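# Chain and residue survey
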Amino acid sequence: MANPKNIEKTYQLAQESYGEWGVDTRAALKSLKRIAISMHCWQGDDVRGFERPDAKLDGGIQATGNYPGAARTIGELRCDIEQALKLIPGKHRLNLHACYLDHGGKAVDRDKITVDHFQSWIDWAKANGLGMDFNPTYFSHPMSADGFTLSHADPAIRKFWIDHGVACRKIAAAIGKQLNNPSVINFWIPDGYKDIPVDRMAPRQRLVESLDSIFTETLNQNYIRDAVEAKLFGIGAESYTVGSHEFYLGYAVSRKKLLCLDAGHFHPTEVISDKLSAVLEFVPEVLLHVSRPVRWDSDHVVILNDELVAIAQEIIRSGQLSRIHIGLDFFDASINRIAAWTIGMRAMLKALLFAFLEPTDTLREIEHQGNYTRRLGILEELKTLPFAAVWDYYCLQHDVPIGAAWLEQVRDYETRVLKNRG
Ligand code: RNT
Ligand code: ZN
């Protein structure tokens with residue numbers, strides 16, 4: 001266990017070091033405190049949800065691994081989330097999928113869900129001081145079994161999914177109203193073909209029409225923000241994805257919707273850090289699905305790697321923080337799931353803190369002068385400033401475990417709670 005006195009001492013020294021670069025660590029810590037990250041509920045149970053106990057994940061996404069202790073009930077999932085949040089500094093948000101509804105044992109189909117099925121989540125979020133985001137669920141359902149939903153050729157299937165979208169927007173708006181905090185609703189659909197299609201036009205035309213139907217009703221911006229999420233390919237839909245990047249970029253620009261950029265949804269050498277400043281010229285706001293693709297859209301746990309830092313730097317350097325909603329999207333079933341959340345959330349916060357601790361104005365000035373030697377040299381030197389001392393101090397301030405100490409709490413929770421889940 002780290003000695004708080006030492007944390008304070010090393011922080012003071014770090015404060016001086018950063019001060020020499022003109023960086024105010026106190027201001028950085030204050031800025032970080034204001035950021036609420038949307039933590040995805042679906043890491044806790046491998047994206048299964050609570051519609052049926054035997055629910056199986058499909059839609060071209062996969063949670064691999066069989067680490068024991070996945071949440072089996074809403075109560076278990078909430079308990080796990082509460083445990084994770086104790087290890088993460090700051091106040092955050094919960095990102096909920098529609099298939100996590102609380103139907104109280106009375107099954108209800110997705111086109112018929114209402115805010116009543118989420119009231120217990122809203123009450124729980126309120127009690128825990130969490131904002132809430134929402135997602136319609138367009139996968140793991142008999143009506144999506146052949147790989148198409150909103151772009152399906154069958155109008156009856158399209159209608160079912162349009163109704164689901166409409167129902168979900170009402171729910172999201174109710175969430176935002178009750179929590180007095182806008183809820184971001186994100187539309188992602190798995191629609192696509194495994195093999196080379198002949199007609200690429202028709203499904204995309206149908207998707208535009210379906211989305212337009214879903215968004216017909218104008219809802220209060222103070223309660224709800226609509227986002228659409230593009231994707232390159234999915235497992236079993238490798239050759240054609242209806243909702244591709246160009247499709248949704250065009251849709252979001254023309255309909256003034258939020259564009260959701262998922263870090264795993266592009267060609268391997270493309271990065272979303274570079275896309276932020278481009279799309280923000282044309283869309284009102286952006287939703288990020290921060291994820292970690294390893295060789296493919298594998299949704300590995302987010303770690304403090306170069307791209308995560310680059311994403312955070314772009315969020316801060318661009319000055320567009322207020323237009324960027326930060327959400328996480330990964331699901332690893334091969335490690336302790338509370339640890340997965342903790343690692344990902346702490347990594348995102350570390351990256352943001354790192355970005356706040358940058359003398360950006362100085363760097364910008366150097367860049368304007370055309371002194372690229374100095375720019376590169378300073379960017380390298382900044383990497384080895386005493387960042388850890390500032391991060392540890394932030395954890396101390398927020399009364400969460402410092403350094404690797406959170407691992408002990410995860411282990412303890414595993415023995416006390418997760419091990420009994422059979
Ligand atoms: C799938 C998308 C989508 C999902 C969640 C569960 O590739 O990234 O965001 O991960 O809706
Ligand atoms: Zn995503």
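See above for the structure.
These numbers were taken from a predicted model, which means no experiment stands behind them.

Let's shift gears to the site of ligand 1. The immediate surroundings of ligand 1 are formed by Trp42, Ile61, His97, Trp188, Glu229, Lys231, Asp262, His265, His289, Asp297, Asp329 and Phe331. With respect to ligand 1, the side chain of His97 contributes an N or O atom lying 2.7 Å from an oxygen atom. Lys231 has a polar side-chain atom sitting 2.7 Å from an oxygen atom of ligand 1. About the coverage of ligand 1: the protein hides 99% of its 310 Å² of free accessible area.

This part takes up empty space enclosed by the protein. For the coordinates displayed, the defined rule picks out two cavities of 30 Å³ or more. Computed from the structure, the largest cavity encloses a volume of approximately 160 Å³. In terms of lining, the largest cavity is formed by 18 residues, of which the most central are Ile61, His97, Trp188, Glu229 and Asp329. Taken as a whole, the second largest cavity holds about 50 Å³ of empty space.

In this section: the packing of helix α1 (residues 4-20) against helix α2 (residues 25-33). Direction vectors running N to C along α1 and α2 enclose 105°, while the axes themselves pass 9 Å from each other. In terms of axis orientation, α1 runs roughly perpendicular to α2. Contacts between α1 and α2 involve Tyr11, Ala14, Gln15 and Tyr18 on the former and, on the latter, Thr25, Arg26 and Leu29. Classifying every residue of the contact of α1 with α2 gives four nonpolar, two polar and one charged.

Our next topic: the coordination of the zinc ion (ligand 2). In the first shell of the zinc ion (ligand 2), the protein supplies Glu229 (OE), Asp262 (OD), His289 (ND1) and Asp329 (OD), at 2.1 to 2.2 Å from the metal. Around the zinc ion (ligand 2) sit six donor atoms, and with donor-metal-donor angles ranging over 72 to 171° the site reads as octahedral. All donors of the zinc ion (ligand 2) belong to a single chain; written as a sequence motif, their spacing is E-x32-D-x26-H-x39-D. In this pair, Asp262 is assigned in strand β8 (residues 258-262) and Asp329 in the loop between β12 (324-328) and α10 (337-356), connecting sequence segments 67 residues apart. In terms of burial, Asp262 and Asp329 fall into one category: buried.

The element strand β4 (residues 183-187) is largely enclosed, with a buried count of five among its five residues. Across five bridges, β4 lies against strand β6 (residues 224-229) in parallel orientation. In the sheet register, Ser183 faces β6, and the bridge partner there is Ile224.

On to helix α3 (residues 74-85). The terminal C-alpha atoms of α3, which comprises twelve residues, lie 16 Å apart, in line with the 16 Å expected from a rise of 1.5 Å per residue. The set of residues buried in α3 consists of Ile74, Glu76, Leu77, Arg78, Asp80, Ile81, Gln83 and Ala84. On its buried face, α3 sits against β1 (38-40), β2 (93-97), α4 (119-127), α10 and α14 (406-416).

Quick look at the pattern of salt bridges now. If you walk through the whole model with that rule in mind, you get 23 salt bridges. When the shortest N-O distance is used, the salt bridge between Asp226 and Lys257 registers 2.8 Å. Taken as a pair, Asp226 in strand β6 and Lys257 in the loop between α7 (245-255) and β8 lie far apart in primary sequence, 31 residues in all. Residues Asp226 and Lys257 agree in their burial class; the two are buried. Measuring nitrogen to oxygen at the nearest pair gives 2.7 Å for the salt bridge that ties Arg411 to Glu408.

Basis of the calculations
- Residues numbered from 1 in each chain as written.
- Chains lettered and ligands numbered in written order.
- Predicted model: local features only at pLDDT ≥ 70, side-chain atom pairs only at ≥ 80, totals over all residues.
- Heavy atoms only, no water.
- Near = heavy atom within 4 Å.
- Polar contact = N/O pair within 3.5 Å; in protein donor to acceptor, adjacent residues only side chain to side chain.
- Areas by Shrake-Rupley, 256 points an atom, 1.4 Å probe, with all protein chains shown as cover.
- 1 Å grid on protein atoms, 1.4 Å probe; cavity = no way out; pocket = protein on both sides within 12 Å on 5 of 7 lines; lining within 4 Å.
- Points joined across faces, edges and corners; volume = space filled by probe spheres on them.
- Axes fitted to C-alpha atoms, helices over the stretch in contact; angles between N-to-C directions.
- Helix = DSSP H or I, 4+ residues; strand = E, 2+ residues; numbered from the N terminus.
- Parallel < 35°, antiparallel > 145°, perpendicular 65-115°, else oblique.
- Contact = heavy atoms within 4.5 Å.
- Nonpolar A, V, L, I, M, F, W, Y, C, P; charged D, E, K, R; others polar.
- Donors = N, O, S within 2.8 Å, 3.2 Å for Na, K, Ca; no water.
- Tetrahedral: all angles 85-135°; square planar, octahedral: opposite > 155°, others 65-115°.
- Buried < 20%, exposed > 50% of the residue type's maximum accessible area, 1.4 Å probe, protein only.
- Pairing = 2+ DSSP bridges.
- Expected span 1.5 Å × (residues − 1).
- Salt bridge = Lys/Arg side-chain N within 4 Å of Asp/Glu carboxyl O.

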